[in-house]
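# Architecture and fold: a report
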Amino acid sequence: LCIWILIGLSSCDCLQSVSGVVKDELSDQPIGGAIVFKVNDGSVRDTTDANGVFEIAAVTGKHDCDYLQLTIQKAGFLAKTITVANEDEVVVHLSN
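## Here's the deal with the environment of tyrosine 67
- Within the fold, tyrosine 67 resides in strand S5 (residues 67-73).
- Sequence separation of tyrosine 67 and valine 84 is 17 residues, and the distance between their C-alpha atoms is 5.5 Å.
- Among residues more than four places away in sequence, those in contact with tyrosine 67 are Gln16, Thr83, Val84, Ala85 and Asn86.

## Describing the sheet that holds strand S4 (residues 53-60)
- In space, the three strands of this open sheet follow the order S4-S1-S7, with mixed pairing throughout. The open sheet has two edge strands with one neighbour each: S4 and strand S7 (88-94). Strand-to-strand twist in this sheet, taken as the mean axis angle between neighbours without regard to direction, amounts to 25°.
- The pairing of strand S1 (residues 14-24) with S4 spans eight bridges and is classified as antiparallel. Bridged to serine 19 within S4 is glutamate 55.

## Observations concerning the pairing of strand S3 (residues 41-47)
- Pairing analysis gives four bridges linking strand S2 (residues 35-38) to S3, with the strands arranged antiparallel. Opposite phenylalanine 37, over in S3, you have arginine 45 as the bridge partner.
- Taking the residues that link successive antiparallel strands as the turn, the S2-S3 hairpin has two residues, and the phi of asparagine 40 there is positive, at about 70°.

Quick notes on the rules
- Residues numbered from 1 in each chain as written.
- Predicted model: local features only at pLDDT ≥ 70, side-chain atom pairs only at ≥ 80, totals over all residues.
- Heavy atoms only, no water.
- Helix = DSSP H or I, 4+ residues; strand = E, 2+ residues; numbered from the N terminus.
- Contact = heavy atoms within 4.5 Å.
- Pairing = 2+ DSSP bridges.
- Axes fitted to C-alpha atoms, helices over the stretch in contact; angles between N-to-C directions.

Geometry only, nothing functional implied.
Set out below in structure tokens:
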């Protein structure tokens, strides 16, 4: 019985992952140094590289892991919160 309970609990975990590029809305140039983090779990975060590229990955214990909410922020730009599909690749444009 204990084994079945453990198997059932472990099957609730899923890997959420999203990758993408953050760009300036006006110039369409990549924004390096932007912080991208999962809403309600700021410990799941990444900083964009010089090409604006980021990747977020986290294991969650929730049954529904189809979507993630991410906030993207960089000094001089308006922060943006987006909802993206799990395992999606996105392009996010920030305005100032």
